[in-house]
Every structure is written in C-alpha cells, then in structure tokens.
Amino acid sequence: MATPTPDSQDNFDQFDEEEEQQLGGTTSGRKRLFSKELRCMMYGFGDDQNPYTESVDFLEDLVIEFITETTHRAMEVGRTGRVQVEDIIFLVRKDARKYARVKDLLTMNEELKKARKAFDEVKYVGELYI
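What you see is a predicted model, and the numbers here were worked out from it, not measured in a lab. (Residues numbered from 1 in each chain as written. Predicted model: local features only at pLDDT ≥ 70, side-chain atom pairs only at ≥ 80, totals over all residues. Heavy atoms only, no water.)

**Q** Can you help me understand helix α2 (residues 35–44) in this one?
**A** Residue pairs spaced three or four apart in an α-helix point in one direction, given the helix's 3.6 residues per turn. Those residues of α2 lying buried are Ser35, Leu38 and Met42. Down the axis of α2, the buried set is contained in an arc of 65°. They therefore lie on one face. Turned more than 90 degrees from where α2 packs its buried face, Lys36, Cys40 and Gly44 sit exposed. Buried residues along α2 sit against α3 (53–77). In the stretch just after α2, glycine 46 is the one whose phi turns positive, near 105°. (Buried < 20%, exposed > 50% of the residue type's maximum accessible area, 1.4 Å probe, protein only. Helix = DSSP H or I, 4+ residues; strand = E, 2+ residues; numbered from the N terminus. Arc of directions from axis to C-beta. Contact = heavy atoms within 4.5 Å.)

So this is what it looks like as structure tokens:
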C-alpha cells in the first residue's frame, strides 16, 4: 500500500469540491437556487439530459445577474426602495417578447386567483349543507 503523497491529497481535495458542487453548494458558499429548473430547461431546449455542471452554473450566474440588475433598476423607477409590478412592466415595455410574457403571466395569475376563490366558495357552501 502506497503512502499518500501531496499530489494525491490534492486529488482528494478536488474530489471533495466536485462532490460539493454536485450536491448544490459551491466552494464560494453560495447555494445554487435554479440548478434543477435550468437542467430541465436545457434538456428541453436540446441539451443532454445531464448537462455539464459548469454549463448549468454559468447559466445560473447569468440568470441571477439579470434578476439582480432588473430588481435594482425597478427599485430606482417607482417608489425608491420598493419593487412593484408596474415597475417591472415599465422596464420591459420596449421589449415586445418580455412585455408579452409578463402580461401573459399576470393574466394567468389573475385567472388562478379567481379559480381558487370560486373553489373555496364551493367548498364552503358544501360544508354548510353537510
């Protein structure tokens, strides 16, 4: 049995870092928030079912940077220090694709609220007659 050399210890450290990244953490200490969703989206857009971790991490960095910049810009637009839906709409108003997507999501959100309210009312009425 060979004794561990400094080089073999480096290999163990590298393995630990790779294992930590696969479990969702990073060596920088920042937890990956969107890894699972991004992997599914990448697969849906034609990537391998198990894309490289580096690719997912890079894409997640881009997403987080976009969200952060958009949030900071939205905080400056309306009431300082607060983000409201109207601020996001104002920021994306010139980008037709983003504007249409925001409008679709807001419409779906309203429809879901109405459906939940109607379901709760039917449930409540049903309980009165039991």
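Next comes the rest of the account.
**Q** So what exactly am I meant to see when it comes to the packing of α3 against helix α4 (residues 85–92) here?
**A** How two helices pack is summed up by the angle between their axes together with the distance between the axes. α4 packs onto α3 with a crossing angle of 110° between their chain directions and a minimal axis gap of 9 Å. On the basis of their axis angle, the class for α3 and α4 is roughly perpendicular. Facing Thr70, Arg73, Ala74 and Val77 of α3, the residues of α4 in contact are Asp87, Ile88, Phe90 and Leu91. Considered class by class, the residues forming the contact of α3 with α4 number five nonpolar, one polar and two charged. (Axes fitted to C-alpha atoms, helices over the stretch in contact; angles between N-to-C directions. Parallel < 35°, antiparallel > 145°, perpendicular 65-115°, else oblique. Nonpolar A, V, L, I, M, F, W, Y, C, P; charged D, E, K, R; others polar.)

**Q** Hey, could you run me through the packing of α2 against α3 in this one?
**A** Packing of α2 against α3 leaves a shortest axis separation of 10 Å and a crossing angle of 110°. As the angle between them shows, α2 and α3 are arranged roughly perpendicular. Only Thr53, Ser55, Val56, Leu59, Glu60 and Val63 of α3 make contact with α2, whose side of the interface consists of Ser35, Leu38, Arg39 and Met42.

**Q** Help me out: how do you make sense of the packing of aromatic side chains in this one?
**A** A ring pair, where both rings are aromatic, is described by two values, the distance of the centres and the angle of the planes. Scanning the entire structure with this criterion turns up zero aromatic pairs. It is arginine 93 that lies over the ring of phenylalanine 90; its NZ or CZ is 3.9 Å from the centre. (Phe/Tyr/Trp six-rings, centres within 6.5 Å; stacked < 30°, edge-to-face > 60°. Lys NZ or Arg CZ within 6 Å of the ring centre and 35° of its normal.)

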